[in-house]
Amino acid sequence: MNDWAPIAKEYDPLKAGSIDGTDEEPHDRAIWRAMLARYVPNKGVTGDPHLTLFVARLNFQTTEEKLKEVFSRYGDIRKIRLVRDLVTGFSKGYAFIEYKEERALLKAHRDANRLVIDQHEIFVDFELERTLKGWIPRRLGGGFGGKKESGQLRFGGRDRPFRKPINLPNMKNDFYGEGSAEKRNWSREGTRDWRTRDRDHERSRDKRWPERERSWAWGESERERDSKEERSRGRERKDRDRKDRDRDRSRERDTKKQRDDDKHR
């Protein structure tokens, strides 16, 4: 694990599909598709890839002029390319911004990520298509990030870096009684057979795995949990307000009906 890094230095679809980059078998079909893909970067794209930023999660109404207004504060911009649908001409929600100087690029990469533009929190990273070896785009099963609901998260990027693998201590010698003679001298009455313990351990691990997978396999952040709790509290407040309004309307109807009855008497 000496060469471990949270950000991938070379794109490997199999590793990108693993939360810590250690998977040996693909866990979804999209990873298979990415492993079999032979992607060639678009040769029609011009500009210096090492001076280009990738900007995603844009509001579909955000224009090139708005992007220029926001990102020009970090330095001089050479070109902005807002990706649009070829048929409709509508924005696809992401863009590429090429700067004239590396200093401006690094400053924008550091400060513009998670910036809010037109009510959308954007994501900013370096361009990877032409700079990261082995890159496979999302549409072919690769990419980075993704939504938990899709079941196809990709790790190793800025959005979802790899988690450091847990280095378990080597307990083989003591566990299987392969150490000194004193350690191997177990009491038949006081110690169960190691095979039984091994089998029980496997069963226990199988039972724990679904809970463990739900709790941390997807790398849910504190921010996401806080957001969920806030949304839940918001829904509860809305429900209470709706019930209060219904109750007030009911009282008004009853009062009005009582007045009408009194008038006719």
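The structure displayed is predicted, hence computed values, not measured ones.

Engineer: What exactly am I supposed to notice about a nonpolar patch on the surface here?
Structural biologist: The grouping of Trp-32, Met-35 and Leu-36 at the surface amounts to a nonpolar patch, some 330 Å² of accessible area in total. Mapped onto the secondary structure, Leu-36 falls in helix α2 (residues 29-36). For Leu-36, a relative accessible area of 64% translates into the label exposed.

Engineer: Any chance you could explain the pattern of salt bridges here in plain terms?
Structural biologist: Oppositely charged side chains can pair when the atoms bearing their charge come close. Taken as a whole and assessed by the stated rule, the structure comprises eleven salt bridges. Notably, a salt bridge pairs Arg-154 with Asp-28, separated by 3.3 Å at the nearest N-O pair. Here Arg-154, found in the loop between β6 (123-126) and α5 (172-175), pairs with Asp-28, found in the loop between α1 (13-16) and α2; they are 126 residues apart in sequence, far enough to count as distant. Taking relative accessible area as the criterion, Asp-28 reaches 12% and is therefore assigned buried.

Engineer: Just to check I follow, could you spell out the sheet that holds strand β1 (residues 52-56) for this structure?
Structural biologist: Pairing between sheet strands relies on hydrogen bonds along the backbone, with the strands arranged either parallel or antiparallel. Ordered in space as β2-β3-β1-β6, the four strands form an open sheet in which the pairing is antiparallel. Because the sheet does not close on itself, it has two edges, and the strands there are β2 (77-84) and β6. With direction set aside, neighbouring strand axes in the sheet form an average angle of 20°. Bridge count between β1 and strand β3 (residues 91-99): four bridges; the pairing is antiparallel. Directly across from Thr-52, in β3, lies its bridge partner Glu-98. Each of β1, β3 and β6 touches helix α4 (residues 102-111); the most contacted strand, β6, lies at about 145° to it.

Engineer: Quick question: what am I supposed to make of helix α3 (residues 64-71) here?
Structural biologist: Since the α-helix turns once every 3.6 residues, residues separated by three or four places project in the same direction. When we look at burial in α3, the residues that qualify are Leu-67, Val-70 and Phe-71. Relative to the axis of α3, the buried residues are bounded by an arc of 85° and lie together on one face. For α3, the exposed residues lying more than 90 degrees away from the buried face are Glu-65, Lys-68 and Glu-69. Buried residues along α3 sit against β1, β2, β3, α4, β4 (116-117) and β6.

Engineer: How should the pairing of β3 be read in this particular structure?
Structural biologist: Here is the key point about a regular strand: its side chains alternate between the two faces of the sheet. For β3, the tally of buried residues reaches seven of nine residues, placing the bulk of the element in the interior. Where β2 meets β3, six bridges bridge the pair, whose relative direction is antiparallel. Across the sheet, residue Ile-77 finds its bridge partner in β3, namely Tyr-99. The loop that links β2 with its antiparallel partner β3 comprises six residues; one of these, Gly-89, has a positive phi angle of about 80°.

Engineer: Whenever I open this one, the side chain of Asp-125 confuses me. Can you help?
Structural biologist: Assignment of secondary structure puts Asp-125 in strand β6. Buried charge Asp-125 goes without a salt bridge, the closest partner of opposite sign being Arg-158 at 5.2 Å. One polar contact links Asp-125 to His-109, side chain to side chain, over a distance of 3.4 Å.

Engineer: How do you make sense of the packing of aromatic side chains when you look at a structure like this?
Structural biologist: Aromatic ring pairs are described here by two measures, namely the spacing of the ring centres and the angle between the planes. For the structure shown, the criterion picks out seven aromatic pairs. Pairing Tyr-11 with Phe-144 gives two aromatic rings, centres 5.2 Å apart and planes at 65°, and the pair type is edge-to-face. Remark: Phe-144 occurs in the loop between β6 and α5 and Tyr-11 occurs in the segment before α1; sequence separation between them is 133 residues. Taken as a pair, Tyr-11 and Phe-144 share a single burial class, namely buried. For the ring pair Phe-54 and Tyr-94, a centre distance of 5.9 Å and an interplane angle of 50° mean the geometry is tilted. Here Phe-54 is found in strand β1, whereas its partner Tyr-94 is found in strand β3, with 40 residues between them in sequence. By relative accessible area, which is 23% here, Phe-54 ends up partly exposed. On the basis of relative accessibility, which here comes to 27%, the residue Tyr-94 falls in the partly exposed class.

Engineer: Where do I start with the confidence of the model for the protein chain in this structure?
Structural biologist: Detailed reading of the predicted coordinates is not advisable wherever pLDDT falls low. This prediction gives the protein chain a mean pLDDT of 80; 74% of its residues lie at or above 70. A low-confidence stretch, residues 168-192 stays under pLDDT 50, and its non-local contacts, those more than four residues away or across chains, total 22 contacts. In the model, residues 215-220 has pLDDT below 50 throughout and makes 21 contacts with residues more than four positions away in sequence or in other chains.

Engineer: Teacher, can you tell me more about α4 here?
Structural biologist: Listed as buried for α4 are Ala-104, Leu-105, Ala-108 and His-109. Here the buried residues of α4 occupy an arc of 135° about the axis, which is enough to place them on one side. Away from its buried face, by an angle of more than 90 degrees, α4 presents the exposed residues Glu-102, Arg-103 and Arg-110. Looking at the buried residues of α4, the elements they touch are β1, α3, β3 and β6.

Parameters at a glance
Residues numbered from 1 in each chain as written. Predicted model: local features only at pLDDT ≥ 70, side-chain atom pairs only at ≥ 80, totals over all residues. Heavy atoms only, no water. Patch = residues over 30% accessible without salt bridge, like charges linked within 9 Å, V, L, I, M, F, W, Y side chains within 5 Å. Areas by Shrake-Rupley, 256 points an atom, 1.4 Å probe, with all protein chains shown as cover. Salt bridge = Lys/Arg side-chain N within 4 Å of Asp/Glu carboxyl O. Helix = DSSP H or I, 4+ residues; strand = E, 2+ residues; numbered from the N terminus. Buried < 20%, exposed > 50% of the residue type's maximum accessible area, 1.4 Å probe, protein only. Pairing = 2+ DSSP bridges. Axes fitted to C-alpha atoms, helices over the stretch in contact; angles between N-to-C directions. Contact = heavy atoms within 4.5 Å. Arc of directions from axis to C-beta. Lys, Arg positive; Asp, Glu negative; His and termini not counted. Polar contact = N/O pair within 3.5 Å; in protein donor to acceptor, adjacent residues only side chain to side chain. Phe/Tyr/Trp six-rings, centres within 6.5 Å; stacked < 30°, edge-to-face > 60°. pLDDT = per-residue confidence, 0-100.

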